[in-house]
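In case you want the letters, here they are:
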Amino acid sequence: MSLSEYIETLNLLGDESRIRLCVLLRERELRVTDLVRVTGIAQSRVSTHLGRLREAGFVRDRRQGPQSFYALAVDTLPGTAKALLDEATKSPDPTLEGDQRRLLELDAERRGGLPESFAGEMERHYSPGRTWQSLAVGIAALLRLGDVLDVGSGDGAAASALAPYCRSLTCVDSSSRMIEAARERFSTQPHVRAEVADVHALPFGDASFDSVLVFHTLTYAEDPPRALEECARVLRPGGRVVILSLDAHQQREITVPYGERHPGFSPSDIRAMLTRVKLDVVASEVACRETKKPHFQVVLAIADKPTPGPSKSAKRG
């Protein structure tokens, strides 16, 4: 090898991520998705690193249908690179050892059955078909719902999981484009309607719905207390409001570009707003926390509309 080739090899392997990928691809073929799962490196970065390694002749790829499989080009690998990778695999490095452990777990999944290391933290790991979406669809199948209003429904993506189990479903949103998409989504379901409406002045009579969903709508509303007042008005006695909202946060630079007007609401804030519109709060608490920074939290609030009690004259009678 020439001096420039030595330098090129050292520069190419002078990156931790590329060393990790080469070590994993040394013994077997793997897909990009496999490498992402094992290393935790973003897919775009894995693809970029593989591109550089392939251009340098360090990695070869093989197509099988729509998928590509990558492996280390051991036969044509420069001696300097082989020596570096030999040294890396012999060293007791925790990062490389962690990669090998996760690769074994991936193999165990494919053989059938989840690795025992998943116990106690299954929500952090993927297995084919076991997604949050499939979980939501399964839970929704337990429901028997009456007349449901989805306030701030967007294109109806969330409501679609509930639609089969509602007597009627009404989706409202301030965006005509979103409502048009919702109408197309539910075009084969005559019990579902979608219309443009303002949450601050809902075009429905009092006590029109058994359930009202307010999923990630309050932070977009101009006047959240007024929005909840309207939700309480159209709710039937004995009916329920369910709210999902970002918890109060200080990352407005992230949420404002999405059109959010308010930096989240704490559980106590939502509880106070629901109490103010004379709803009985069943729960208002942080339900989940995102694993990625800045670790946004989501508040789940549930409130019921009281049923009218017997009048005083009826009690005396």
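All values reported here derive from a predicted model rather than from experimental measurement. (Residues numbered from 1 in each chain as written. Predicted model: local features only at pLDDT ≥ 70, side-chain atom pairs only at ≥ 80, totals over all residues. Heavy atoms only, no water.)

A short note on unusual backbone geometry
Okay, so step 1: Following Lys293, the chain continues to Pro294 via a peptide bond in cis, the omega torsion being 5°.
Okay, so step 2: Notably, His295 is not glycine yet its phi reads approximately 60°, a positive angle.
Okay, so step 3: On the accessibility criterion, His295 (24% relative accessible area) is partly exposed. (Buried < 20%, exposed > 50% of the residue type's maximum accessible area, 1.4 Å probe, protein only.)

Overview of the pattern of salt bridges
Okay, so step 1: Applying the stated rule across the entire model yields 19 salt bridges.
Okay, so step 2: A salt bridge links Arg236 to Asp210, with the nearest nitrogen and oxygen atoms 3.1 Å apart. Here Asp210 lies in strand β6 (residues 209-215) and Arg236 lies in strand β7 (residues 235-246), a separation of 26 residues in the sequence.
Okay, so step 3: Among the residues examined, Asp210 registers a relative accessible area of 24% and is labelled partly exposed.
Okay, so step 4: Residue Glu230 pairs with Arg233 through a salt bridge whose shortest N-O separation is 2.8 Å. Taken together, the positions of Glu230 and Arg233, both in helix α9 (residues 224-234) and three residues apart, correspond to about one turn of that helix. (Salt bridge = Lys/Arg side-chain N within 4 Å of Asp/Glu carboxyl O. Helix = DSSP H or I, 4+ residues; strand = E, 2+ residues; numbered from the N terminus.)

Quick look at the packing of aromatic side chains
Okay, so step 1: Within the structure shown, the criterion is met by one aromatic pair.
Okay, so step 2: Judged by centre distance (5.2 Å) and plane angle (85°), the rings of Phe204 and Phe209 are edge-to-face. Accessibility classification places Phe204 together with Phe209 in one group, the buried group. (Phe/Tyr/Trp six-rings, centres within 6.5 Å; stacked < 30°, edge-to-face > 60°.)

A closer look at the confidence of the model for the protein
Okay, so step 1: When the pLDDT values of the protein are averaged, the result is 87; 89% of them are 70 or greater.
Okay, so step 2: The model gives residues 312-317 a pLDDT under 50, and that stretch makes one contact with residues more than four places away or in other chains. (pLDDT = per-residue confidence, 0-100. Contact = heavy atoms within 4.5 Å.)

Details of the nonpolar core
Okay, so step 1: Leu149, Val212, Ile243, Ile270, Leu274 and Leu279 are the most contacted members of the largest nonpolar core, which totals 29 residues.
Okay, so step 2: Elements with a minimum of two residues in this core: β3 (145-151), β6, α9, β7, α11 (267-276) and β9 (297-304).
Okay, so step 3: Residue contributions to this core peak at five residues, all from α9.
Okay, so step 4: Leave out the neighbours within four places in its chain, and Leu274 touches Leu228, Ile243, Leu279, Val281, Ala301 and Ala303.
Okay, so step 5: Formed by 27 residues, the second largest nonpolar core is a distinct cluster that contains Leu12, Leu24, Val38 and Leu50. (Core = buried A, V, L, I, M, F, W, Y, C linked by side-chain atoms within 4.5 Å.)

As for a nonpolar patch on the surface
Okay, so step 1: A contiguous nonpolar patch, built from Trp132, Leu135, Ile139 and Leu142 and spanning about 490 Å² of accessible area, is present on the exposed surface.
Okay, so step 2: Look at Leu142 and you get exposed, because its relative accessible area is 68%. (Patch = residues over 30% accessible without salt bridge, like charges linked within 9 Å, V, L, I, M, F, W, Y side chains within 5 Å. Areas by Shrake-Rupley, 256 points an atom, 1.4 Å probe, with all protein chains shown as cover.)

Thoughts on the packing of helix α2 (residues 16-25) against helix α3 (residues 32-39)
Okay, so step 1: At their nearest, the axes of α2 and α3 sit 11 Å apart, and the two run at 115° to each other. The crossing of α2 and α3 is right-handed. The segment α2 lies against α3, with Arg20, Leu21, Leu24 and Leu25 engaging Leu35, Val38 and Thr39. (Axes fitted to C-alpha atoms, helices over the stretch in contact; angles between N-to-C directions. Left-handed = near helix turned anticlockwise from the far one by under 90°.)

Here's the deal with the layout of surface pockets
Okay, so step 1: Approximately 1000 Å³ is the volume attributed to the largest pocket.
Okay, so step 2: Lining the largest pocket are 26 residues, and of these Ala136, Ile139, Leu162, Phe215 and Leu244 sit closest to its centre.
Okay, so step 3: Residue composition of the lining of the largest pocket, grouped by class: 20 nonpolar, three polar and three charged. (1 Å grid on protein atoms, 1.4 Å probe; cavity = no way out; pocket = protein on both sides within 12 Å on 5 of 7 lines; lining within 4 Å. Points joined across faces, edges and corners; volume = space filled by probe spheres on them. Nonpolar A, V, L, I, M, F, W, Y, C, P; charged D, E, K, R; others polar.)

Thoughts on the pairing of strand β2 (residues 67-72)
Moving residue by residue along a regular strand, the side chains alternate between the two faces of the sheet.
Okay, so step 1: Counting buried residues along β2, five of its six residues qualify, which places the element largely inside the surrounding structure.
Okay, so step 2: The antiparallel hairpin formed by strand β1 (residues 59-64) and β2 contains two residues in its connecting segment, where Gly65 sits at a positive phi of about 65°. (Pairing = 2+ DSSP bridges.)

Description of the environment of Glu230
Okay, so step 1: The exposure class of Glu230 is buried, given its relative accessible area of 4%.
Okay, so step 2: Considering only alpha carbons, one finds Glu230 and Val277, 47 residues apart in sequence, at a separation of 9.0 Å.
Okay, so step 3: Setting aside residues no more than four positions away along its own chain, Glu230 makes contact with Val199, His200, Ala201 and Leu202.

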